[in-house]
Amino acid sequence: MNQAPVTVRVPAKVNVQLAVGGVRPDGFHPLANVFLAVGLHDEVTATPADSLRITCTGPGADRVPLDATNLAARAASALARLHGLSPDVHLHIAKDIPVAGGMAGGSADAAGALLACDVLWATATPREQLLDICAELGSDVPFSLVGGAALGVGRGEQLTPLPVGGPGFHWVFAVADGGLSTPAVYGEFDRLTAGLAVPEPEASDALLGALRTGDATALAAALTNDLQAAALSLRPSLADTLAVGTKAGALAALVSGSGPTTAYLVQDAEAAQRVADALLASGTCVAARPAVSPAAGATVV
Ligand code: C5P
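Everything numeric in this text was worked out from a predicted model, so none of it was measured.

### Here's the deal with the sheet that holds strand β11 (residues 287–293)
Across the sheet, 4 strands lie side by side as β9-β10-β7-β11; this open sheet has antiparallel pairing. Each edge of the open sheet carries a strand with a single partner, namely β9 (252–255) and β11. Ignoring strand direction, the axes of neighbouring strands in this sheet form an average angle of 25°. Summarising the sheet, strand β7 (residues 169–175) and β11 pair through 7 bridges and their orientation is antiparallel. Note on β11: the bridge partner recorded for Ala 174 is Ala 288. Helix α9 (residues 238–247) contacts β7, β9 and β10 (262–266) of the sheet and is inclined by roughly 10° relative to β10.

So, in structure tokens, the structure goes:
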């Protein structure tokens, strides 16, 4: 058991392909989910305490639950249970990933808490076991631990790492006012596709090729998100934000995951600044954040 605080840095994600199949009997949807970790990060600090306690600071922190339902708290409890320990830890979350924004912020905090507690408690849990706990906590949590780029199948939790070429991709993320509930967006997807034949989700060869070669123009042409129509249906104003980014010169614009954050792929850092300035000036978002990808997974700092 270490006494010194342990801080872990965890990236956000954008889905460069989110292919969604028809709802399964367990309520989840089969996915071909191509995750890309991006350079917006939360930091989770674990400190010994008398009992499990969560604090959170940063944009949107007032919307983060601080009780046992917080995914970071559940991660600490699951790891403690595995090792027969009591989860007596103070977890502080320094938020920078949009809350309920479709960028896996809650999942990032869970992966960060898991790794921070594993180091704090010196439990040296094998990677495979950490990934199993991640998958139990949520479909996106394993990817938050791993980072980089990966194809997620099943409900998104079964990962295959993907190679990414080139110097990296440049993005801008437009943060919307308020969040969207992921189950509500999947529910809207079900409503919009009711009675239609929803194809089996499959990863796109063109997209995987664009990632492999690091070709931003090819990636822009291959970006897809099957949840976009559902997110736009619940939040029609996102169409205005997307239009501003496109007009400002983004190579492509799409909803990030279940939204409401929108993502703009751009050619370089200068284009990112131009698009970010236009998005902010338009008043259609509350923040516009340039970021590069891929980013490393959960890392002790
Ligand atoms: O796995 P996670 O707890 O993050 O999922 C949150 C919700 O998103 C699920 O309860 C479900 O409504 C929806 N979901 C889904 N299919 C997936 C992943 C998530 O329907 N593959």
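Don't stop here, the text continues.
### Digging into the packing of α9 against helix α10 (residues 269–282)
Close contact between α9 and α10 brings their axes to 9 Å; oriented N to C, the two are set at 145°. Of the two elements, α9 crosses α10, and the hand of that crossing is right-handed. Packed against α9, whose contacting residues are Thr 241, Val 244 and Gly 245, the element α10 presents Val 275, Ala 278, Leu 279 and Ser 282 at the interface. Across the contact of α9 with α10, the residue classes tally to 4 nonpolar, 3 polar and no charged.

### Re the packing of aromatic side chains
Inspection of the entire model under this criterion finds 2 aromatic pairs. Ring geometry for Phe 35 against Phe 143: centres 4.6 Å apart, planes inclined by 10°, an arrangement best described as stacked. Linking Phe 35 in strand β2 (residues 31–48) with Phe 143 in helix α4 (residues 141–146), this pair joins segments that are 108 residues apart in sequence. With relative accessibility at 1%, the residue Phe 143 sits in the buried group. The lysine or arginine in question, Arg 155, covers the ring of Phe 28, its NZ or CZ lying 5.0 Å from the ring centre.

### Examining the pattern of salt bridges
What the rule picks out here adds up to 8 salt bridges. Between Asp 42 and Lys 95 there is a salt bridge, with the nearest N and O atoms lying 2.2 Å from each other. One end of the pair, Asp 42, is in strand β2; the other, Lys 95, is in the loop between β4 (89–94) and α2 (105–120), with 53 residues separating them in the sequence. Here Asp 42 and Lys 95 have matching classes, each one buried. Glu 188 serves as the salt-bridge partner of Arg 191, at 2.9 Å between the closest nitrogen and oxygen. Taken as a pair, Arg 191 and Glu 188 lie in helix α5 (residues 182–193) at a separation of 3 residues, close to a single helical turn. For Arg 191, a relative accessible area of 56% puts it in the exposed group. Assessed through its relative accessible area of 9%, Glu 188 is described here as buried. Bridged by salt links that share partners, the residues Asp 42, Lys 95 and Asp 109 form one connected network.

### Notes on the site of the ligand
Around the ligand, the surrounding shell consists of Gly 27, Phe 28, His 29, Leu 31, Gly 138, Ser 139, Arg 155, Thr 182, Pro 183 and Tyr 186. The contact in question runs from an oxygen atom of the ligand to an N or O atom on the backbone of Gly 27, over 3.5 Å. Here an oxygen atom of the ligand sits 2.5 Å away from a polar atom, N or O, in the side chain of Ser 139. For the ligand, the accessible surface in isolation is 450 Å², of which the surrounding protein chains cover 74%. Assessed atom by atom at 2 Å from the grid points, the ligand resides in the largest pocket. At 3 residues, α5 tops the list of elements feeding residues into the shell around the ligand. When grouped by side-chain class, the residues that make up the shell around the ligand number 4 nonpolar, 5 polar and 1 charged.

### Considering the environment of Ala 111
Mapping Ala 111 onto the fold places it in helix α2. Of the residues examined, Ala 111 reaches a relative accessible area of 0% and is grouped as buried. Once you skip the residues sitting within four places of it in the chain, Ala 111 turns out to touch Val 10, Val 141, Ser 144 and Leu 145.

### Brief notes about the environment of Ser 86
Within the secondary structure, Ser 86 sits in the loop between α1 (71–82) and β4. Under the relative-accessibility criterion, Ser 86 is labelled partly exposed at 45%. Sequence separation between Ser 86 and Leu 52 is 34 residues, and the spatial gap between their C-alpha atoms is 8.8 Å. What Ser 86 contacts, discounting residues up to four positions off in sequence, is Ala 80 and Trp 121.

Conventions and cut-offs
Residues numbered from 1 in each chain as written. Predicted model: local features only at pLDDT ≥ 70, side-chain atom pairs only at ≥ 80, totals over all residues. Heavy atoms only, no water. Pairing = 2+ DSSP bridges. Helix = DSSP H or I, 4+ residues; strand = E, 2+ residues; numbered from the N terminus. Axes fitted to C-alpha atoms, helices over the stretch in contact; angles between N-to-C directions. Contact = heavy atoms within 4.5 Å. Left-handed = near helix turned anticlockwise from the far one by under 90°. Nonpolar A, V, L, I, M, F, W, Y, C, P; charged D, E, K, R; others polar. Phe/Tyr/Trp six-rings, centres within 6.5 Å; stacked < 30°, edge-to-face > 60°. Buried < 20%, exposed > 50% of the residue type's maximum accessible area, 1.4 Å probe, protein only. Lys NZ or Arg CZ within 6 Å of the ring centre and 35° of its normal. Salt bridge = Lys/Arg side-chain N within 4 Å of Asp/Glu carboxyl O. Near = heavy atom within 4 Å. Polar contact = N/O pair within 3.5 Å; in protein donor to acceptor, adjacent residues only side chain to side chain. Areas by Shrake-Rupley, 256 points an atom, 1.4 Å probe, with all protein chains shown as cover. 1 Å grid on protein atoms, 1.4 Å probe; cavity = no way out; pocket = protein on both sides within 12 Å on 5 of 7 lines; lining within 4 Å. Sits in = over half its atoms within 2 Å of the grid points.

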